[in-house]
Amino acid sequence: MRSEDLQAAVTAHWSARAPLFDGVASHVAQRDRWRDVLEAAFQAQAPREVVDLGCGTGACAIIAASLGHHVRAFDASPSMIEAARAAARAPGLNVEFKVALIGDIPAADASADIVTLRNVLWTLEEPMAALRTAHRLLRPGGRVVVSDGLWSVAPHYRATYAPEIAARLPLHDGLTQIRAERMLAEAGFPVAQGWQHLFPASPYPGDVPVFVLSAVKP
Ligand SMILES: C[S@@+](CC[C@H](N)C(=O)[O-])C[C@H]1O[C@@H](n2cnc3c(N)ncnc32)[C@H](O)[C@@H]1O
């Protein structure tokens, strides 16, 4: 399967899930906890330029906007972007949502203070390239915030990708904090700090080990 066809299948998967996504989402069920954890991870004392990559229905984007930041958010799936726009409209938040692949984000280099990637690395064919995109978008001193989990410990909670698609996603089983820290270092973020201890328990059903890391671009 060509990469373009793989991405089309991944995008179609999320477009099909978009209308129901927020009904099962941790960021909706535990909105206040996610807000507290992301606020801590952002380490921002004033409004910042935030870019959310693979924003889905706007989990990080909407929290960042509610904290007073200026937010641009991108996702491959038009249906996800549509759902995100509706979710931001309800509380009257102003977020720039656009359909775009992480490999082709229409934003200038060094134009962001904070870049977020939540639960996106596991569903990419080239997760390292996504971290390099975050590095490109950040100004020196800017901060990437990455959250994901070891989804394989809760099989009922995983995506239902066809086997030939799952086999092409190197992190399909999820990832540990240590692996994410190594990847961040390789992408140019040498020191990462964890924030998941601010959750009283895993915010995902099945007690999935989760991490929320932030790391500064030197
Ligand atoms: C598990 S959802 C996470 C959504 C959101 N970040 C959250 O935390 O709820 C993964 C999202 O990544 C998007 N996605 C997958 N591949 C992408 C790519 N190459 N570029 C941009 N978005 C992508 C999907 O459309 C989907 O909305």
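Refer to the structure presented above.
Below, the structure is looked at part by part. (Residues numbered from 1 in each chain as written. Predicted model: local features only at pLDDT ≥ 70, side-chain atom pairs only at ≥ 80, totals over all residues. Heavy atoms only, no water.)

### Examining the sheet that holds strand β2 (residues 70-75)
- Pairing within the open sheet is mixed, and its 7 strands lie in the order β3-β2-β1-β4-β5-β7-β6. The sheet is open, and its two borders are formed by β3 (95-99) and β6 (192-194), each paired with just one other strand. Taking each pair of neighbouring strands and ignoring which way they run, the sheet shows an average axis angle of 20 degrees.
- Each of β2 and β3 touches helix α5 (residues 78-89); the most contacted strand, β3, lies at about 170 degrees to it.
- Contacts from helix α8 (residues 177-186) reach β5 (138-149), β6 and β7 (210-216), with the element oriented near 20 degrees to β7. (Pairing = 2+ DSSP bridges. Helix = DSSP H or I, 4+ residues; strand = E, 2+ residues; numbered from the N terminus. Axes fitted to C-alpha atoms, helices over the stretch in contact; angles between N-to-C directions. Contact = heavy atoms within 4.5 Å.)

### Comments concerning the nonpolar core
- In terms of nonpolar packing, the biggest core is built from 73 residues, with Leu53, Phe97, Leu117, Leu131 and Val144 touching the most fellow members.
- Beyond its immediate chain neighbours, meaning those up to four positions away, leucine 131 contacts Leu117, Leu121, Val146, Met183, Leu184, Ala187 and Phe189. (Core = buried A, V, L, I, M, F, W, Y, C linked by side-chain atoms within 4.5 Å. Buried < 20%, exposed > 50% of the residue type's maximum accessible area, 1.4 Å probe, protein only.)

### Some details on helix α4 (residues 59-66)
- Within α4, 7 of the 8 residues are buried, which leaves it mostly tucked inside the rest of the structure.
- For α4, the set of buried residues is Ala59, Cys60, Ala61, Ile62, Ile63, Ala64 and Ala65.
- Glycine 68 sits one or two residues past α4 and shows a positive phi near 100 degrees.

### Side note on the site of the ligand
- Near the ligand there are 20 residues, and of these Gln7, Gly54, Asp75, Ile102 and Arg118 occur at the shortest range.
- Measuring from a nitrogen atom of the ligand, one finds a backbone N or O atom of glycine 54 at 2.7 Å.
- With respect to the ligand, the side chain of aspartate 75 contributes an N or O atom lying 2.6 Å from an oxygen atom.
- Coverage of the ligand by the protein chains reaches 96% of its 600 Å² of free accessible surface.
- A class-by-class count of the residues in the shell around the ligand yields 12 nonpolar, 6 polar and 2 charged. (Near = heavy atom within 4 Å. Polar contact = N/O pair within 3.5 Å; in protein donor to acceptor, adjacent residues only side chain to side chain. Areas by Shrake-Rupley, 256 points an atom, 1.4 Å probe, with all protein chains shown as cover. Nonpolar A, V, L, I, M, F, W, Y, C, P; charged D, E, K, R; others polar.)

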